[in-house]
Amino acid sequence: MDTCGLLKSKGCVAAVVSAVLLAGAPAVAEESGRSFEIYGFAQADYIQDIGGRLDSDWDDAFRPSKICIDGACGEDGQASVSVKQSRFGVKGALPTGAGLIPINFKFEFDLFGTGADAGQTTFRLRHAYGEWGQILAGQTNSLFMDGDVFPNTIDYWGPAGMVFYRNVQIRWTPYRTDNSHFAVAIERPGNDIDPGNIRTIETLGDLEVNNDEEMPDLTAQYRFGGDWGHLQVGGILRKVGFEIRDDVADEWIEGSETGWGINVGSTINTFGKDKVLLQVVYGEGIASYMNDGGMDLAPSAEFDAGAVADLEAEAVPLTGVLAYYDHYWTDQWSSSIGYSYTEVDNTNFQDPGSFNKGEYASGNLLYYPTSDLMVGGEMMWGKRTNNDGESDDDVRFQFTVKYNFGIKL
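## What about the side chain of Arg171?
At step 1: Positionally, Arg171 belongs in strand S7 (residues 166-176).
At step 2: Comment: no salt bridge for buried Arg171; closest opposite-charge side chain is Glu131, at 5.5 Å.
At step 3: For Arg171, the side chain forms a polar contact with the main-chain oxygen of Asn141, separated by 2.8 Å.
At step 4: Not counting residues within four places of it along the chain, the set of residues in contact with Arg171 comprises Gln134, Ile135, Leu136, Thr140, Asn141, Leu143, Ala183, Val184 and Ala185.

Structure, rendered in C-alpha cells:
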C-alpha cells in the first residue's frame, strides 16, 4: 500500500526519509570500519661478486652457507641482474558487527624462489593470515623472531646470525598494550637433519633417514617498548624427530631430541631516526628458524678401539649474533653498517665439509629522491667455515633501484 500517497502529508514524507536513513545507519557504521590497501614495489638488483662465488641457485641472495670453497662452483666473479625482490600485497580490516573487533588480514608474496624453486623467479608466499582479537591464524613472522632488528640493507637475505622465519601458526595474544605484549603459538614443525657419516658404516650404507614431525613447535614472545626503542625475548620448545630404516622391508625406527632456544633482540634509538640493532640467540636444534646456516639434528658417536660402538642423535647447539647501526644522514640519504654470524657446535660424527660458521658484514649508501623511489649501493663480505676448518669468503657489490606503489581503498 502507498501510505504516503494516501496521507499526502509532509510529515509522512519526513517519516519515510527518516526510516530509510535509520535503516542504513548500521551499514554505514559497518562500512566505516572497513579498509583495504594494495601495496608493493618493483625492484631491480645488479649483483657482482668480486672475490668469491656462491652456489648458482643463490646468486641473488648473499648467504655465507652457500659460499663455495676452493672453486667448487667454478670461477669467481659472477654477475646477476634480478627482479626477485619485487613484492605485491594486500591488507585491510573487515568489520564483524557493531561493537565487535574487526578481522585484520594480510596476503603478500615476492618472486624469490626457494626450496625446489631455488634460483627461479617465481611466486613465494610471505604472509597469509587473518587476526581477530587475540587469535591469529595463518603464515607470518614466527614468535621466535624479532623482525624489527632486520637492518636497512638491500641484500635480499640479510645478516646470517638472526632468527628469521615466516611460519604457519595459530597464535594467542592474551596481553597487549600500546607498548608491550605477550603471545604464544603453535607453529608448523620442520627439521633439518644432517645424517653425518652414518652411511660410511659398512652395515648402514643404504640407511634411509627421514624427518619425523609428530608435534608442532611451541613458541612464545614478550615485548616491551617505548620512545627509547624496544626489548623482545622469544622462546621456542620443539621435538626434533627422526626415523630410519636400512631396508624397504624393515619397519621404521623412530627417535627424537628436544630442541629449545632463547632469542633476545633490541632496537635502541639514538639521534633522530638513527638506531642500534642488536640480537643474540642460543639454543639446540633451532637451525630451521635461523636466517642462514646450521642443522637441527646430527649423529654423535662413541668409539671403542677406533670402531663405532654406539650412535645417537644430538640436537645441535647454535649461537647467533647481530649488531648493526642504521644512520640517516638527511631525509634523503641513509646508511646501514654491521656484522653478524651463525656458529654451530658440530657433533663428532658429522662430515668434515659440514657447515660450522657463517659470517656476514655489510655497509651501504642509499638515496631517496622521492618517498616512492630508492637508489643505492651496498658492499658485502661473507665467509663460510666448515667442520674441518676449511673456509672461503666472498666480496659482493649490489646496486638497486626500487619503486614503491600503493593505494588505500
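## Quick look at the layout of surface pockets
At step 1: Counted as a void, the second largest pocket has a volume near 310 Å³.
At step 2: Ile198, Phe242, Ile244, Pro299 and Leu311 are the residues nearest the centre of the second largest pocket, which is lined by 17 residues in total.
At step 3: Going through the elements one at a time, strand S11 (229-245), strand S14 (297-304) and strand S15 (307-315) are the ones with two or more residues in the lining of the second largest pocket.
At step 4: Tallying contributions element by element places S15 first for the lining of the second largest pocket, with four residues.
At step 5: Grouping the constituent residues of the lining of the second largest pocket by class yields 15 nonpolar, no polar and two charged.

## Concerning the environment of Tyr325
At step 1: With respect to the helices, strands and loops of the structure, Tyr325 is situated in strand S16 (residues 317-328).
At step 2: Sequence-wise, Tyr325 and Ile170 are 155 residues apart; in three dimensions their C-alpha atoms are separated by 33 Å.
At step 3: Among all residues touching Tyr325, those that are not within four sequence positions of it are Thr270, Phe271, Asp274, Lys275, Val276, Ser335, Ser336 and Ile337.

## A word on empty space enclosed by the protein
Empty space among the atoms can be located by rolling a probe the size of a water molecule over them.
At step 1: Taken as a whole and assessed by the stated rule, the structure comprises one cavity of 30 Å³ or more.
At step 2: Counted as a void, the largest cavity has a volume near 40 Å³.
At step 3: Taken together, Ile47, Gln48, Asp49, Asp59, Gln78, Ala79, Ser80 and Arg396 form the lining of the largest cavity.
At step 4: When residues in the lining of the largest cavity are grouped by element, the largest group, three residues, is from strand S1 (residues 35-49).
At step 5: Along the lines of polarity and charge, the residues of the lining of the largest cavity split into two nonpolar, three polar and three charged.

## Some remarks on the nonpolar core
At step 1: Formed by 26 residues in total, the largest nonpolar core has its most connected members in Phe144 and Val163.
At step 2: Those elements that place two or more of their residues in this core are strand S13 (275-284), S16 and strand S18 (355-370).
At step 3: Ranked by residue count, the leading element in this core is S16, at three residues.
At step 4: Beyond its immediate stretch of four places on either side in the chain, Phe144 contacts Val163, Glu187, Thr219, Gly234, Gly235, Ile236, Gly261, Ile262, Asn263, Val281, Ile286 and Tyr289.
At step 5: Grouped together as the second largest cluster of nonpolar side chains are six residues, Trp58, Ala118, Tyr156 and Trp157 included.

## Looking at the confidence of the model for the chain
At step 1: Scored by pLDDT, the chain has a mean of 90; 91% of the residues are at 70 or more.
At step 2: For the stretch residues 1-29, pLDDT sits under 50, and the model shows six contacts to residues farther than four places along the chain or on other chains.

## So, unusual backbone geometry
At step 1: Of note in this structure, Asp70 is not a glycine but carries a positive phi near 55 degrees.
At step 2: Residue placement: Asp70 occurs in the loop between S1 and strand S2 (79-82).

## Comments concerning the packing of aromatic side chains
In this description, an aromatic ring pair is defined by two values, namely the gap between the centres and the angle between the planes.
At step 1: On inspection of all chains with the given rule, the structure shows 19 aromatic pairs.
At step 2: Between the aromatic rings of Trp58 and Trp157, the centroid separation amounts to 5.1 Å while the plane-to-plane angle is 80 degrees, which identifies the pairing as edge-to-face. With Trp58 in the loop between S1 and S2 and Trp157 in the loop between strand S6 (135-141) and S7, the pair connects residues that are 99 residues apart, well separated along the chain. Taken as a pair, Trp58 and Trp157 share a single burial class, namely buried.
At step 3: Ring geometry for Phe88 versus Phe109: centroids 6.0 Å apart, planes at 40 degrees, classification tilted.

## Comments concerning the side chain of Thr347
At step 1: The topology assignment puts Thr347 in the loop between strand S17 (333-344) and S18.
At step 2: Looking at Thr347, the relative accessible area reads 5%, which means it is buried.
At step 3: Leave out the neighbours within four places in its chain, and Thr347 touches Ala298, Pro299, Ser300, Glu314, Val316 and Asn387.

## Concerning the environment of Thr121
At step 1: Its location among the elements puts Thr121 in strand S5 (residues 121-132).
At step 2: Separated by 108 residues in sequence, Thr121 and Gly229 have C-alpha atoms that sit 36 Å apart.
At step 3: Sequence-distant contacts of Thr121, that is, excluding residues within four places in its chain, are made with Val83, Lys84 and Leu111.

## Some thoughts on the pattern of salt bridges
At step 1: Overall, the coordinates contain 14 salt bridges when judged by the stated rule.
At step 2: Between Glu108 and Lys106 there is a salt bridge, and its shortest N-O distance comes to 3.9 Å.
At step 3: The salt bridge partner of Arg238 is Asp217, with a shortest N-O separation of 3.1 Å. With Arg238 in strand S11 and Asp217 in strand S10 (residues 217-226), the pair connects residues that are 21 residues apart, well separated along the chain. Side by side, Arg238 and Asp217 carry an identical accessibility label, which is buried.
At step 4: Linked through salt bridges whose partners overlap, the residues forming this network are Arg87, Lys106, Glu108, Asp110 and Arg126.

Cut-off values and rules
By convention here, each chain's residues receive numbers from 1 onward along its written sequence. Totals for whole chains, interfaces and linings use all residues, but because this is a predicted model, local features are given only for residues with pLDDT of at least 70 and pairs of side-chain atoms are given and counted only at 80 or more. In computing side-chain values, all of the structure's heavy atoms are included and hydrogens and water are not. Secondary structure elements follow DSSP: runs of H or I of four or more residues count as helices, runs of E of two or more count as strands, with numbering from the N terminus. Accessibility here uses a 1.4 Å probe with only protein chains present; expressed as a share of the type maximum, an area under 20% marks a residue as buried, one over 50% as exposed, and anything in between as partly exposed. Under the convention used here, Asp and Glu are negative, Lys and Arg are positive, and both His and the chain ends fall outside the count. By convention in these notes, a salt bridge is any Lys or Arg side-chain nitrogen within 4 Å of a carboxyl oxygen on Asp or Glu. Whenever a nitrogen or oxygen atom comes within 3.5 Å of another N or O atom, the pair is scored as a polar contact, on the condition that within protein one atom can donate a hydrogen and the other can accept it, and that pairs from neighbouring residues in sequence are kept only if both atoms are in side chains. The contact criterion used throughout is that any non-hydrogen atoms of two residues lie within 4.5 Å. Buried and open spaces are told apart on a 1 Å grid over the protein atoms alone, a cavity being a set of points where a 1.4 Å probe fits but cannot get out and a pocket being an open set with protein on both sides within 12 Å along at least five of seven lines. Residues with an atom within 4 Å of a point are the lining residues. Grid points are joined across faces, edges and corners, and a volume is the space filled by probe spheres set on the points. Each residue gets one of three labels, nonpolar for Ala, Val, Leu, Ile, Met, Phe, Trp, Tyr, Cys and Pro, charged for Asp, Glu, Lys and Arg, and polar for the others, Gly among them. In this description, a nonpolar core means a group of buried Ala, Val, Leu, Ile, Met, Phe, Trp, Tyr and Cys residues linked to one another through side-chain atoms lying within 4.5 Å. Here pLDDT means the predictor's own confidence in every residue, given as a number from 0 to 100. Stacked, tilted and edge-to-face are the three classes assigned to paired rings of Phe, Tyr and Trp, where Trp is represented by its six-membered ring and a pair needs centres within 6.5 Å; plane angles under 30 degrees give stacked, over 60 edge-to-face, the rest tilted.

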